[in-house]
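# Working through the structure, step by step
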Amino acid sequence: MLPFTYSRPRNIGEAATAGAQPGTEFIAGGTDLLPLLKEGVRRANRLVDINDLPLGGIRHEAAGVRLGALTRMSDAADDERLRRDYPAVVEALLAGASPQLRNLATVGGNLLQHTRCLYFHDAAMPCNKRQPGSGCPAWDGQNRGNAILGGSRACIATHASDLAVALVALEARVVLGARHGEREVPLADFHRLPGDTPQIETVLEPGEVITAIFVPAAPYSRRSTYVKLRDRASFEWALTSAAAALDLAGDTIRQARVAVGGVATKPWRLPKVEEALAGARADRSIFHAAAELAAQGAEPRQFNAFKVELMKRAIVRALADAGSLA
Amino acid sequence: MSGSVGQPIDRVDGPAKVGGKARYAADFRPSGVVYGAIVTAAIAKGRIAALDTTAAEAIPGVISVIHHGNAPQLAYAPMDPRPIVDPKTGEALRVFQNDQVLFAGQPIALVVAEEPEQAIQAAALVRASYAVGNAASDFSHASLEARPPEESRHPGGKPGALRRGDADAAFAAATRRVDASYEQPAEFHCAIELHGTIARWDHDHLTLWDKTQWVDNDRTEMAHVFGIPDDNVRVISPFVGGAFGSALRSWPHVAAAALASLLVNRPVELVLTRRQQFSSVGYRPRTVQRVRLGADDNGRLTAVIHEAVAQTSAYEEYAEMVIEPPAMLYSTPTLRADYRLAPMNVNTPCPMRAPGIVTGTLALELAMDELAEACDLDPLRLRLLNYAERDENKNLPWSSKSLRQCYAIGAERFGWSRRPSAPASRRDGHWLVGYGMASAVYPAHRAPATAHAELRADGTASVTSAASDMGPGTYTSMTQVAADELGLPINAVQFELGDSLMPPAPVHGGSMTMASVGSAVQAACRALRAKALDLEHPNRLPQDRGAMQQAYARLLARHRLDCLTAETEAMPDDAAGRFSMYAFGAVFAEVRVDAELGEIRVPRLLGVYAAGRIVNPKTARSQCIGGMVGGLGMALTERGQWDDRFGKIMNASLADYLVPVNADVQSIEALFVPEEDPWVNPLGVKGVGEIALVGVAPAILNAIHNATGRRIRSLPATLEKVMGC
Amino acid sequence: MPSWSRRVFLLSSASATFLLTAAKRLGFGQRSAAAQPSPAPPPPEAQTAEIALTINGQLQRLRIDLRTTLLDALRNHLGLTGTKKGCDLGQCGACTVLADGRRINACLALAVMQQGKDITTIEGLAKDGEQHPVQAAFIEQDAFQCGYCTPGQIMSAVAFLSEGHEPTDAAIREWMSGNLCRCGAYPNIVEAIKQAAHQSTNHAPLHL
């Protein structure tokens, strides 16, 4: 870890100014950043602690819920209304990290967490995301955890967040703050595909911070769920996950929202699956048929080919679970 | 007087451990301590062509950067004989003595700085360039040139081949046959305590606070490294935060810490990073085993052919007893077992809980399950049909064997009779349910040990031996043995260990601490009590434990003694030449497999063990439960993810190398079959630390087959293997 | 090693430059960390700070390198070695402490960011020399072997009981999964927490 200066600004303007300087990292919970700094995966000579910014709190409104970016994962997971109105979000929060990590980590930081690609985390290895132009050893290497969707020859690193998968299914938007005001971006557009520049992961401009996450209240929000598959029963990133939300009229699906995690380079919404479900009957054969569409364009590698099938089955399970919710 | 041996006594070191007061190696804080950070090789084979330390040395607080270019040539005097924990063939890595790189992750430099943050930062700035050699980093390629271990040619060496009759002919003639290969990846100990050493020189005396399972050997090895007398080195290690074999040897970082302290003339703390541990302190070697079993139509074995190939390093030959279980666990008229080693550019593997035995038993017990299916027999019935009434490998009678009772009690308690008779036939919601079982075995070893016992003026006793306690409860069980021999209550006896100044003890491994050190403690306390009785007529000593302390105190006072001492070495007798000594067990598992998603859960594990006398059923039960948790990890999650191209383990973290978490574990129970063994050692104990891991993974994999109909022949059994995609 | 010198010769004769990295030989690009522009370090005086931490009810002032984690501050600066380092990356839970009553991984908390918080470590759990009920239950249920993960397990368990979960086996297992125990004491840990929870409902509330 390089030595760094430390500052703790009290407003967004100050934070944005400080954060725009090269070599600067914002720190909130620190659960993602500190291990990366310790292992030399990321380098910073300035840390800007944003915990004094007024970005906490959960505000329920008629149109939806606004989660302040600095809301701790544990506090969000504890919120009764969030659990009732957006169950997939709380399930994803509780499936992510350990209780002690959730006490430190923020919901804003969670969206910005880095991939678990084994090569990204070993600073002695080539990795285009860490060291642009150095190559992608995961392509022909230990890629069981890597993406089958959204990858490029330069990078097949999986996006690691559970929360983001649930949020992208529920059409959440992120609010970004900078020196001169705020802008809102659909979460689906917030993360970038790796393409040739896997080191650029989001649309954040230098100095810009996530100030809030807004989840709209939609007819399907309450009937939403998050299914996470992994090797261990707990405390592990997703091998494959699926978030599903259904708006039902009797047996008929008015509209559906589906996203998957652990399989793609960003939180991966599945509009074609959703279209196939809209207007159809909520039964397993329909779910199966719709889930088949999820794998379109999938590009599996040697050790992650099973995710094609596993992803479809996870979607079916999530839809079935959502369908059976009261 | 009722004995404390056999009672479920709470751990005597419990208060220290729950209060954060138990001191592990890195918890010692000698004044003036500075911090070391290791720089590791980025290539798997070659030569360091240049090492640029300029940037590292410029970091504020950096005291020294030590490497082959500036390190003194150390004595590295050969040890003769080699300690049991070191491979018999090859040369251990000598730290910073030359420019050779033998594996990725090898220490090539050490930064010492005032603060740990400075050392770590500077270590990242050391620039090495290499002349790259052609590394042997592909296991399947290396396997083609595998050879029997060199040590198998010498008496006492681990065998490379075992033969009885013509197994190949018998297999060819068998009417029921199994022929399958089983793959086991490299597995890592992953004790939660990081390996670490604090070294301090006082003139020509070296003190090490080290994570080690054998303070005596650590002392002797370091004395040889630096060419100084054993007595000039002291190793202190009162608590070991788990090791499971990884702290048997003195690894290069121990010498590195001592060297650094010598050069900077300050105490140096060197704690490996979690990532570095994966290439610094050994691991269970990757092993592939082909097993062929032949049987007659009644399920009686006619042939066992077992061929194992395991990886070792390019500079040492680490060999295991992989082919022992197939040679002795079941009765078979013919046997051909071969064990070969494939050298690779890796750091040398080392024993990990039940080394070799767990590996050989895994393949054998998976194959036995397949044979049961081929013979249309219940798997437990097949094992009973082939019960070995004597050790056909050593051609000796058992000192004791209660495996039948283990099977019977286990089957009864587990409800084995309710096992689904056909694979994939029981479903509970979306869960497929299956039962599986396997046998477990581990040899009962014993080595010489010495203990010192002392009665103090207040009538309490202090007992010492340079043993270790990495978790089984050595402190507690030795206290129990001593208390019983001296007739004192537990709280009037203090047992201390983990200091090379204490009387010598053997390595804390191979499940032999109780047998070896326990026998010494018993003998020393018996001698001490005899001394006391020499001074005092036996009738004047009370029978009551509470009164005994006062009686001892009065006795010492009357004879104007500050203390009364006895030191005794306990040696194994010749019984091991007349009897074959093993602990046995039976493991039963229930698994549930999600029929759609492939997720595997293990709601129930039961282990039934016949391991001689159980000194403390509370700690022994914990040890067995813990071993079964380890077996669960071995079955379902643990594997080194190796990259052939770079010759290194990629998942070198506790987030990526998956050991079981609390949520993975549901009902686990351990039972002990009462067993009297007059031959193994004076205490009649066989040890349970290793056997607890044996048989667990095959029981689980066999249950997965029963649940799903799918045979998984490579560990771990992950969901894609169960789903078959 | 003679075989080695031959290899150097072969490599050097086959290639103009034989100083190859393994990665380059495999067709990967320049990957040396030196190629990555490193941000300039701040002046030395800006790399340290005087901070004040409240540990087990006592205010402690110390001068630290800003990179110092709460874990290293406790262990290296304050001599509180009961909090353990098992990975330093938030992957094992051995360093779990309470910050304002909430469990956190001390290895993932910069010490400078913990000022003003009430930190409780394993050393601060006993009151007036009497073990916390969770500590006593851990001994009684033999909820550890080597003892290394134990301080973290106990701090996590104390937090679990204060977080208001129903102490069912399933809930304990899930909410204790951030604390690895390689000795495999999990079943006994579950029993110990159940015992402590039972005591707290039948007797006095668990103190912190």
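Before going into details, it helps to say that this report is about the structure given with it. Source: prediction; values computed, not measured.

### Examining the overall build of chain B
In terms of regular secondary structure, chain B is built from 19 helices and 28 strands. Whereas a compact globule of 725 residues would reach a radius of gyration of roughly 27 Å, chain B reaches 26 Å, a difference of no more than 12%. The long-range share in chain B, meaning contacts at least 24 apart out of those at least 6 apart in sequence, stands at 82%.

### Re the state of the cysteines
Going through the model one piece at a time under the given rule, you end up with zero disulfides over all chains. In this model Cys 127 of chain A remains outside any disulfide bridge; the closest cysteine sulfur is found in Cys 117 of chain A, 5.9 Å from its own. No disulfide involves Cys 624 of chain B; its sulfur sits 11 Å from that of Cys 406 of chain B, the nearest cysteine. Since its relative accessible area comes to 0%, Cys 624 of chain B is described here as buried.

### A few points about the interface of chain C and chain B
Listed as interface residues are 63 residues of chain C and, on the opposing side, 72 residues of chain B. Of the roughly 5600 Å² buried at the junction of chain C and chain B (both faces included), carbon and sulfur atoms supply 57%. Where Asp 142 of chain C meets Arg 11 of chain B, a salt bridge forms, and the shortest distance between an N and an O atom there is 2.6 Å. In this assembly, chain C and chain B are joined by 28 residue pairs in polar contact (both at pLDDT 80 or more). Elements represented by at least two residues in the side of chain C that touches chain B include exactly helix 1 (2–14), helix 2 (22–25), helix 3 (70–77), helix 4 (133–140), helix 5 (150–162), helix 6 (169–175) and helix 7 (186–202) of chain C. Per-element accounting of the side of chain C that touches chain B gives the leading share, five residues, to helix 7 of chain C.

### Quick word on the pattern of salt bridges
All names here are of chain B. One pass over the full model with this rule turns up 86 salt bridges over all chains. In this structure, Glu 316 and Arg 249 form a salt bridge, with 2.6 Å as the shortest nitrogen-oxygen distance. Taken together, the residues span a long stretch of sequence, with Glu 316 in strand 16 (residues 316–317) and Arg 249 in the loop between strand 12 (233–236) and helix 7 (252–264) at a distance of 67 residues. By the burial criterion, Glu 316 is buried, and Arg 249 matches it. For Glu 307, the salt bridge goes to Arg 336, with nearest N and O atoms at 3.0 Å. Residue Glu 307 is located in strand 15 (residues 301–313), and its partner Arg 336 is located in strand 17 (residues 335–344); the two are separated by 29 residues in the primary sequence. Judged by relative accessible area, which is 21%, Glu 307 ranks as partly exposed. Judged by its relative accessible area of 14%, Arg 336 is buried. Taken together, the salt bridges that share partners define one network made up of Arg 163, Asp 168, Arg 292, Glu 307, Arg 336 and Asp 338.

### So, the interface of chain C and chain A
Chain C puts 43 residues into the contact, and the matching count from chain A is 49 residues. Summed over both sides, the interface of chain C with chain A buries roughly 3600 Å², with 58% coming from carbon and sulfur. The largest per-residue losses of area from chain C upon contact with chain A belong to Arg 67, Leu 108 and Met 113 of chain C, which jointly make up 18% of the total buried on that side. Where chain C packs against chain A, one counts two salt bridges. One salt bridge in this structure joins Asp 88 of chain C and Lys 38 of chain A, with 3.0 Å as the shortest N-O distance. Scanning the region where chain C abuts chain A turns up 13 residue pairs in polar contact (both at pLDDT 80 or more). Looking at the side of chain C that touches chain A, the elements that each hand over two or more residues are strand 4 (102–105) and helix 6 of chain C.

### A few points about unusual backbone geometry
Residue and element names in this part refer to chain B. Residue Pro 81 is reached from Asp 80 by a cis peptide bond, and omega for that bond is 0 degrees. Following Leu 715, the chain continues into Pro 716 via a peptide bond in cis, with omega recorded as -10 degrees. Relative to the assigned elements, Pro 716 resides in the loop between helix 18 (696–708) and helix 19 (719–723). Here the phi dihedral of Tyr 76 falls at roughly 40 degrees; this positive angle occurs in a residue that is not glycine.

### Observations regarding helix 12 (residues 284–292) of chain A
All names here are of chain A. The complete set of buried residues in helix 12 reads Phe 287, Ala 290 and Ala 291. Summarising the axial view, the buried residues of helix 12 lie within an arc of 100 degrees, below the 170-degree limit, and thus occupy one face. Buried residues belonging to helix 12 abut strand 10 (240–249), strand 11 (252–261), helix 11 (271–277) and helix 13 (306–323).

### Quick word on the packing of helix 6 (residues 215–226) of chain B against helix 7 of chain B
Residues and elements named next belong to chain B. Interhelical geometry of helix 6 versus helix 7 gives an angle of 55 degrees and a closest axis separation of 11 Å. In terms of orientation, helix 6 lies oblique with respect to helix 7. The handedness of the crossing between helix 6 and helix 7 comes out as right-handed. Seen from helix 6, the contacting residues are Asp 218, Met 222, Val 225 and Phe 226; seen from helix 7, they are Val 254, Ala 255, Ala 258, Leu 259 and Leu 262. Here the residues of the contact of helix 6 with helix 7 are counted per class, giving eight nonpolar, no polar and one charged.

### Some remarks on the nonpolar core
Core analysis: the biggest nonpolar cluster contains 246 residues, and Leu 293, Val 521 and Ile 700 of chain B together with Leu 70 and Phe 138 of chain C have the highest contact counts within it. With eleven residues, helix 10 (residues 357–375) of chain B is the single largest residue contributor to this core. In this view, Val 521 of chain B contacts Ala 451, Val 463, Met 478, Val 481, Ala 482 and Phe 495 of chain B; residues no more than four positions away in its chain are not counted. Of all hydrophobic cores here, the second largest spans 40 residues; its members include Ala 76, Tyr 86, Val 168 and Val 174 of chain A.

### Observations regarding the sheet that holds strand 3 (residues 62–67) of chain B
Residues and elements named next belong to chain B. Strand order in the open sheet formed by seven strands is 3-6-1-13-10-11-12, and the pairing between neighbours is mixed. Looking at which strands have only one partner, the edges of the open sheet turn out to be strand 3 and strand 12. Sheet twist, expressed as the mean angle between neighbouring strand axes with direction ignored, is 20 degrees. For strand 11 (residues 205–210) and strand 12, the ladder comprises four bridges, and the chain directions are parallel. The partner of Leu 208 across the bridge, within strand 12, is Val 235. Along the sheet face, helix 6 touches strand 10 (196–202), strand 11 and strand 12 and points at about 145 degrees away from the line of strand 12.

### Quick notes on the packing of aromatic side chains
Inspection of every chain in the model, using the stated rule, returns 17 aromatic pairs over all chains. Taking the centre distance of 5.9 Å and the plane angle of 80 degrees together, the rings of Trp 398 of chain B and Tyr 582 of chain B count as edge-to-face. Of the two residues, Trp 398 of chain B sits in the loop between helix 11 (379–385) and helix 12 (403–414) while Tyr 582 of chain B sits in strand 24 (residues 582–594), which places them 184 residues apart along the sequence. Here Trp 398 of chain B matches Tyr 582 of chain B in class, with each residue buried. Taken together, Tyr 24, Phe 239 and Tyr 475 of chain B together with Tyr 148 of chain C form an aromatic cluster joined through their ring pairs. Stacked on the ring of Tyr 387 of chain B, the Lys or Arg Arg 404 of chain B has its end atom at 3.9 Å from the ring centre. A cation sits over an aromatic face here: Arg 426 of chain B above Tyr 435 of chain B, 5.8 Å from the ring centre.

### Here's the deal with the pairing of strand 2 (residues 24–27) of chain A
For a regular strand, side-chain orientation follows a simple rule: the groups alternate between the two sheet faces. Residue and element names in this part refer to chain A. Pairing of strand 2 with strand 3 (residues 46–49) involves four bridges; the strand directions are parallel. In the sheet register, Glu 25 faces strand 3, and the bridge partner there is Leu 47. Handedness of the crossover joining strand 2 and strand 3 through helix 2 (residues 33–38) is recorded here as right-handed.

Rules behind the numbers
Residues numbered from 1 in each chain as written. Chains lettered and ligands numbered in written order. Predicted model: local features only at pLDDT ≥ 70, side-chain atom pairs only at ≥ 80, totals over all residues. Heavy atoms only, no water. Helix = DSSP H or I, 4+ residues; strand = E, 2+ residues; numbered from the N terminus. Rg over C-alpha atoms; globule rule 2.2 N^0.38 Å. Contact = heavy atoms within 4.5 Å. Disulfide = S-S within 2.5 Å. Buried < 20%, exposed > 50% of the residue type's maximum accessible area, 1.4 Å probe, protein only. Buried area = accessible area lost by both parts, 1.4 Å probe. Salt bridge = Lys/Arg side-chain N within 4 Å of Asp/Glu carboxyl O. Polar contact = N/O pair within 3.5 Å; in protein donor to acceptor, adjacent residues only side chain to side chain. Arc of directions from axis to C-beta. Axes fitted to C-alpha atoms, helices over the stretch in contact; angles between N-to-C directions. Parallel < 35°, antiparallel > 145°, perpendicular 65-115°, else oblique. Left-handed = near helix turned anticlockwise from the far one by under 90°. Nonpolar A, V, L, I, M, F, W, Y, C, P; charged D, E, K, R; others polar. Core = buried A, V, L, I, M, F, W, Y, C linked by side-chain atoms within 4.5 Å. Pairing = 2+ DSSP bridges. Phe/Tyr/Trp six-rings, centres within 6.5 Å; stacked < 30°, edge-to-face > 60°. Lys NZ or Arg CZ within 6 Å of the ring centre and 35° of its normal. Right-handed = clockwise from strand over helix to strand, strands pointing away.

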